[in-house]
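Architecture at a glance
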Amino acid sequence: VHGGTLVCMDAARTVARGDLLVVEGRIAALGEGVPAALAALPGGRVPESFDARGALVLPGLVHAHLHLCQTLFRGLAEHSDLLRWLRESIWPLEAAHTEASLAASVRLGACELLAGGVTCVNDMGTVHHTDALGETLAATGLRAVFGPALMDQGEGVPARLLEGAERALDRALELARRFHGAAGGRLTVSLAPRFILSCSEGLWRDVTEASREHGLLVHTHLAESPTEGGEVKAAVGSHAAPYFAAHDVLSPRFVGAHGVWLDDTELELVRRADAALVHCPGSNLKLGSGTADVRAWRRARVRCGLGSDGAACNNRLDTFAEMALAAGLSRAKHRDDPLRARDVVALATCDGAAALGLADRVGSLEVGKHADVAVIDVAQAHHAPFAERDPYTTLVYAARAADVRLTLVDGRPLYVRGGHAALDAERCVADAAREAALLLARAELP
Ligand SMILES: [Zn+2]
């Protein structure tokens, strides 16, 4: 990658003009180190070159909370708050998925994500067809943490989505045996109990034990909306964070989406357990859930990332839009001392990777790391005239997903100047339309 500005997101937050050399899927050299590393390539090999002049070269964006199974539902579940949205729309729609519709939903989302510079996702599947989710993710080329949603109880959950705790856990572990570390190490399997209202105490216990025994992440939702908080309290006698703390669910392997309504004491429980949180500002606004205080999370040194949530509650899978929202909401909440643009870019890169336990592999441009890279064109009118003076400000406030010119995962170009390498975007859109129509005909919507 030649001639761009490297925004490294390493510990020193290095920003430098220079080249980036990728050899066999890893970052082999950066900036001044590139000529020597090039000269040392066996047989004077000349690698393929991508012209990044006028562009920012970033670590690939890490999307830390997503439901690719819901991409087909974009625009189908509007004007609702969280619990109604789940009970009246999302669960009945998820229950109507087949392997084919799920794969179409995943591919459609992957097209959008890769074209927007996302290289790594943390996805919560639906209850069934998680094998198809894993196979499709492997074929897209994305790096992914994924797991089946686990649900063994709950008001409004269709029977088809309910599974006994033991069977749900068995199936998740079966998936882990098949997919954990698969696709050249790109895939990681998690356990994904959906949220307190859909999981029994026994299921949380089993999940916690299996997570500890097999080192699997626990990906769930907590403290998302006020009505959910009220129902949780009525069901288990406390809010989510104290419940999770009391049941040892909080751990360094815990990744909890939203956390909008965590108070200081609850945030302290999360911090003490070294658990991670994911900010989903677009989803929180659209479902009217509220605004998370991410500056407080960062001040408490809680590991945290950024996500859009699924396409049914956002409706974009666009990290640039989420960055702008995260920055603006923080500014509105803390006028004099909000999140800085640099912190927001960190959420979407290095911090997101750390939240998913992947910081040793991705999240920054550093020699030896996997070459997950996004190149963002900042030479257009909407970036001028000072695009490179403060690249963080440019990325958060001016850049758009459509500015992405190149997306690499493990050094493999998956999206290059408008074209996908592993996916046929036109076909993905057509398949999605066909599968979504069939799914809607199958779905038993109230
Ligand atoms: Zn979610």
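The sections below set out a description of the structure shown in this document. Counting from 1, residues in each chain are numbered in the order their sequence is written. Local features are withheld for residues below a pLDDT of 70 in this predicted model, meaning they are given only at 70 or higher, and side-chain atom pairs are given and counted only at 80 or more; totals for whole chains, interfaces and linings count all residues. To obtain the side-chain values, all non-hydrogen atoms of the structure were used and water was disregarded.

A closer look at the side chain of Arg303
Here Arg303 lies in strand 15 (residues 303–306). Burial classes: relative accessible area under 20% of the type maximum marks a residue as buried, over 50% as exposed, and values in between as partly exposed (1.4 Å probe, protein chains only). Using a relative accessible area of 18% as the deciding quantity, one classes Arg303 as buried. In terms of polar contacts, Arg303 uses its side chain to reach the backbone carbonyl oxygen of Asp274, at 2.5 Å. Residues in contact with Arg303, not counting those within four places in the same chain, are Pro252, Asp274, Ala275, Ala276, Leu277, Ala354 and Ala355. Starting at the N terminus, helices and strands are each numbered in turn, a helix being any DSSP run of H or I of at least four residues and a strand any DSSP run of E of at least two. For the purposes of these results, a polar contact is taken to be a pair of N or O atoms within 3.5 Å, where, inside protein, one atom must be able to donate a hydrogen and its partner to accept one; residues adjacent in sequence count only when each atom of the pair is a side-chain atom. Whether two residues are in contact is decided by their heavy atoms, any of which lying within 4.5 Å being enough.

As for empty space enclosed by the protein
Throughout, the protein atoms alone are placed on a 1 Å grid, and a set of points is a cavity if a 1.4 Å probe fits but cannot get out or a pocket if it is open with protein on both sides within 12 Å along at least five of seven lines; lining residues have an atom within 4 Å of a point. Grid points are joined across faces, edges and corners, and a volume is the space filled by probe spheres set on the points. All chains considered together, the criterion is met by three cavities of 30 Å³ or more. For the largest cavity, the full set of lining residues is His67, Gln70, Leu82, Trp85, Leu86, Arg194, Phe195, His221, Glu224, His258 and Asp309. Element by element, the count of residues in the lining of the largest cavity is highest for helix 2 (residues 82–95), at three residues. For the lining of the largest cavity, the class distribution of residues is four nonpolar, four polar and three charged. As a volume, the second largest cavity reaches approximately 60 Å³. As for the second largest cavity, its lining consists of His279, Thr291, Ala292, Asp293, Val294, Arg295, Ala326, Leu329, Ser330, Lys333, His334 and Leu339. Contributing elements (two or more residues each) for the lining of the second largest cavity: helix 12 (294–299) and helix 13 (319–333). Classification convention: Asp, Glu, Lys, Arg as charged; Ala, Val, Leu, Ile, Met, Phe, Trp, Tyr, Cys, Pro as nonpolar; all other residues, Gly among them, as polar.

So, the sheet that holds strand 7 (residues 118–124)
If you trace the four strands from one edge of the open sheet to the other, you get 6-7-8-10, paired in parallel fashion. Strand pairing shows two members of the sheet lacking a second neighbour, strand 6 (61–66) and strand 10 (187–189), which therefore form its edges. Going across the sheet, the axis of each strand differs from the next one's by a mean of 10°, ignoring polarity. When DSSP finds two or more bridges between two strands, those strands count as paired. Across five bridges, strand 7 lies against strand 8 (residues 143–147) in parallel orientation. Following the sheet pairing, Met124 is matched in strand 8 by Gly147. Contacting strand 8 and strand 10, helix 5 (residues 165–179) runs over the sheet at an angle of about 160° to strand 10. A fitted line through C-alpha atoms represents every axis, and for helices the fit uses only the stretch in contact; the resulting angles, taken between N-to-C directions, go from 0 to 180 degrees.

Observations concerning the pattern of salt bridges
Opposite charge on two side chains permits pairing when their charged atoms draw close. Whenever Lys or Arg places a side-chain nitrogen within 4 Å of a carboxyl oxygen from Asp or Glu, that contact is recorded as a salt bridge. Summed over the entire model, instances satisfying the criterion amount to 28 salt bridges. Notably, a salt bridge pairs Arg194 with Glu94, separated by 2.9 Å at the nearest N-O pair. Placement of Arg194 in the loop between strand 11 (192–193) and helix 7 (201–214) and of Glu94 in helix 2 is noted, with a sequence separation of 100 residues between them. A single burial state applies to Arg194 and to Glu94, both of which are buried. The salt bridge partner of Arg177 is Glu174, with a shortest N-O separation of 3.4 Å. Note that Arg177 and Glu174 are positioned in helix 5 at a spacing of three residues, about one turn of the helix.

A look at the coordination of the zinc ion
For the zinc ion, the protein coordination sphere consists of His65 (NE2), His67 (NE2), His221 (NE2) and Asp309 (OD), at 2.0 to 2.4 Å. For the zinc ion, the four donor atoms in the first shell make angles of 89 to 175° at the metal, a pattern classed as irregular. Summarised as a motif, the one-chain spacing of the donors to the zinc ion is H-x1-H-x153-H-x87-D. You can see His65 sitting in strand 6 and its partner His221 sitting in strand 12 (residues 218–222), a full 156 residues away along the chain. Assessed through its relative accessible area of 7%, His221 is described here as buried. Nitrogen, oxygen and sulfur within 2.8 Å of a metal are treated as its donors, or within 3.2 Å for sodium, potassium and calcium (Na, K, Ca); water is not counted, so a site can appear incomplete. When four donors show all angles between 85 and 135 degrees the site is tetrahedral, when four or six donors have opposite pairs over 155 degrees and all other angles between 65 and 115 it is square planar or octahedral respectively, and in every other case it is irregular.

Overview of unusual backbone geometry
Geometrically, the link from Asn314 to Asn315 is a cis peptide bond, its omega value of 5° lying close to zero. With respect to the helices and strands, the residue Asn315 is situated in the loop between strand 15 and helix 13. Each neighbour pair has its own omega, and for Ala384 with Pro385 the value is 5°, a cis peptide bond. Locating Pro385 in the fold gives a position in the loop between strand 16 (373–377) and helix 16 (391–398). In the Ramachandran plot, His258 falls in the positive-phi region, its phi being about 90° despite a non-glycine side chain. For His258, the location among the structural elements is in strand 13 (residues 254–258). On the accessibility criterion, His258 (0% relative accessible area) is buried. We note that Arg417 has phi near 45°; this positive angle belongs to a residue other than glycine. Its place among the elements puts Arg417 in the loop between strand 18 (412–416) and strand 19 (419–420).

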